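Observations on the model geometry
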Amino acid sequence: IAVTTSIQTKPQPLMKSLTALLCVAVLSAPSAAARSSSGWGVSRVVLPRGGDAAVSATTEVSADAPNAPVIKHKSRDNYTFSLLQPGDGHEDDPDGIPGRYLRMQKGNRKKAKVALEETFEWRTKYEVDTILARPHPKFDLCNEVLPRCLIGRDATGHVIHYLQPGLLNRTDNVSVDDLVLHCIYVLEYCWNIVEPRPDETMTSVIDLKGLSFSKTKKLWKFIQQFAMMLSHNYPQRSHKTLVINAPGWFGTLFRMISPLLRESTRKKISLLAKGSRQEKILREILGDDFAEQVLTGEKIVASPVEQGMQAQCKTRLKEAGTEMMTA
């Protein structure tokens, strides 16, 4: 883990928790468990990638996002998704445990089974299996409050999720619960529509530019809920987590919290400060085009997948007779 920093500010408990959240890799994180019904969505949006498609299908263009390819499937007609996926190992496991839960618990079957059962309960409580089938009128608002975007694929083909917690905006129309559910919505779209193969992982880029102690305080409740949700319900989904433009005080806090993280998690995290080393790593992992967007601070261009996700969200709103909310 690379840490470049000089610390002059005394760490505070609040900041430790922010560090923990970022270490767990916003939106594609490590550690713990999951269940529910079956069925797939009627459309599927795919980022360009080499190799075979997950399911044979025909392609059409969405009117809401003309640049986003929409792939229709015959049997996935209700956007309801189970935690258990074909080929994830649960079919052949005596306890029905997906392989990534066993890997997460280093083969400890008892712990993996408990983790899986807890995630089943979580998915039932928050109706996660049907979250993509339900209208999400705050989709755009949540993206404005906590800027994020699926921007493309990295140099090795992993989906890149770019987040900017340093640009947090406040509004009375979006609650902490709204933000957490929005992040669940994005994750479910990723792992069921974009990358339904059970062992796919994501590259997260968490840009701390603009982060301050005052903004961190505003994020506190969200940090607690989101970190817990990630660590317990989306295990083994992180390829790499790049925490970039880290302010000076952040490195010390990271060193304080890193012993609490699993070794496999720590190995996937790079904590980077602005400079030539950060630029080199971003170009190596993301490729020149996406690295350039991030480094120059240009407005991030939404990928066809991000456009497609918004388009399917608008479709659900239209079906429900509801409109997208604005600030």
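As the structure is a prediction and not an experimental result, all values here were calculated from the model. (Residues numbered from 1 in each chain as written. Predicted model: local features only at pLDDT ≥ 70, side-chain atom pairs only at ≥ 80, totals over all residues. Heavy atoms only, no water.)

Secondary structure assignment for the protein chain yields 11 helices and eight strands. Here the protein chain holds 327 residues, and the buried ones make up 54% of them. As displayed, the protein chain offers around 15,000 Å² of accessible surface, 50% of which is attributable to carbon and sulfur atoms. (Helix = DSSP H or I, 4+ residues; strand = E, 2+ residues; numbered from the N terminus. Buried < 20%, exposed > 50% of the residue type's maximum accessible area, 1.4 Å probe, protein only. Areas by Shrake-Rupley, 256 points an atom, 1.4 Å probe, with all protein chains shown as cover.)

Attention now moves to helix 9 (residues 276-286). Every buried residue of helix 9 is accounted for by Gln 278, Ile 281, Leu 282, Ile 285 and Leu 286. Down the axis of helix 9, the sector holding all buried residues measures 100°, keeping them to one side. Residues Ser 276 and Lys 280 are exposed on helix 9 and point more than 90 degrees away from its buried face. Tucked into the core, helix 9 has its buried residues touching strand 4 (148-153), strand 5 (159-163), strand 6 (202-207), strand 7 (238-244) and helix 10 (288-296). Residue Gly 287 follows helix 9 closely and has a positive phi angle near 90°. (Arc of directions from axis to C-beta. Contact = heavy atoms within 4.5 Å.)

So, on to the sheet that holds strand 8 (residues 269-271). Taken in spatial order, the five strands make up an open sheet running 4-5-6-7-8, and their pairing is mixed. For this open sheet the edge positions go to strand 4 and strand 8, each flanked by a neighbour on one side alone. Recorded for the sheet is a direction-independent mean angle of 15° between the axes of neighbouring strands. Here strand 4 runs beside strand 5; their pairing, made up of five bridges, is antiparallel. For Arg 148, the partnering residue across the bridge sits in strand 5 and is Leu 163. Lying on the sheet, helix 9 is in contact with strand 4, strand 5, strand 6 and strand 7; it crosses strand 7 at an angle near 150°. Contacts from helix 10 reach strand 4, strand 5 and strand 7, with the element oriented near 155° to strand 4. (Pairing = 2+ DSSP bridges. Axes fitted to C-alpha atoms, helices over the stretch in contact; angles between N-to-C directions.)

Quick look at the pattern of salt bridges now. Inspection of the entire model under this criterion finds 16 salt bridges. The residue Asp 178 makes a salt bridge to Lys 138 at a minimum N-O spacing of 2.7 Å. On the criterion of sequence distance, the pair formed by Asp 178 in helix 5 (residues 176-194) and Lys 138 in the loop between helix 3 (109-125) and helix 4 (139-145) is long-range, its members being 40 residues apart. Take Asp 178 and Lys 138: they sit in the same class, and that class is buried. (Salt bridge = Lys/Arg side-chain N within 4 Å of Asp/Glu carboxyl O.)

This next bit is on the packing of aromatic side chains. The final tally for this structure, using the stated rule, is four aromatic pairs. Between the aromatic rings of Tyr 79 and Phe 81, the centroid separation amounts to 6.3 Å while the plane-to-plane angle is 70°, which identifies the pairing as edge-to-face. Exposure remark for Phe 81: the relative accessible area of 2% places this residue in the buried category. Seen from their ring centres, Phe 139 and Tyr 185 are 6.0 Å apart, and the 70° between their planes marks the pair as edge-to-face. With Phe 139 in helix 4 and Tyr 185 in helix 5, this pair connects stretches of sequence that are 46 residues apart. By way of ring pairs, the aromatic residues Trp 122, Tyr 126 and Tyr 234 are connected into one cluster. (Phe/Tyr/Trp six-rings, centres within 6.5 Å; stacked < 30°, edge-to-face > 60°.)

As a further point, take the environment of Tyr 189. The residue Tyr 189 is located in helix 5 in this model. Between the C-alpha atom of Tyr 189 and that of Tyr 79, which follows or precedes it by 110 residues, the distance is 9.5 Å.

Once that is clear, we can look at the side chain of Thr 241. Looking at where Thr 241 falls in the secondary structure, it is placed in strand 7. Judged by its relative accessible area of 1%, Thr 241 is buried. Here the side chain of Thr 241 touches Ser 238 through a polar contact of 3.4 Å, side chain to side chain. (Polar contact = N/O pair within 3.5 Å; in protein donor to acceptor, adjacent residues only side chain to side chain.)

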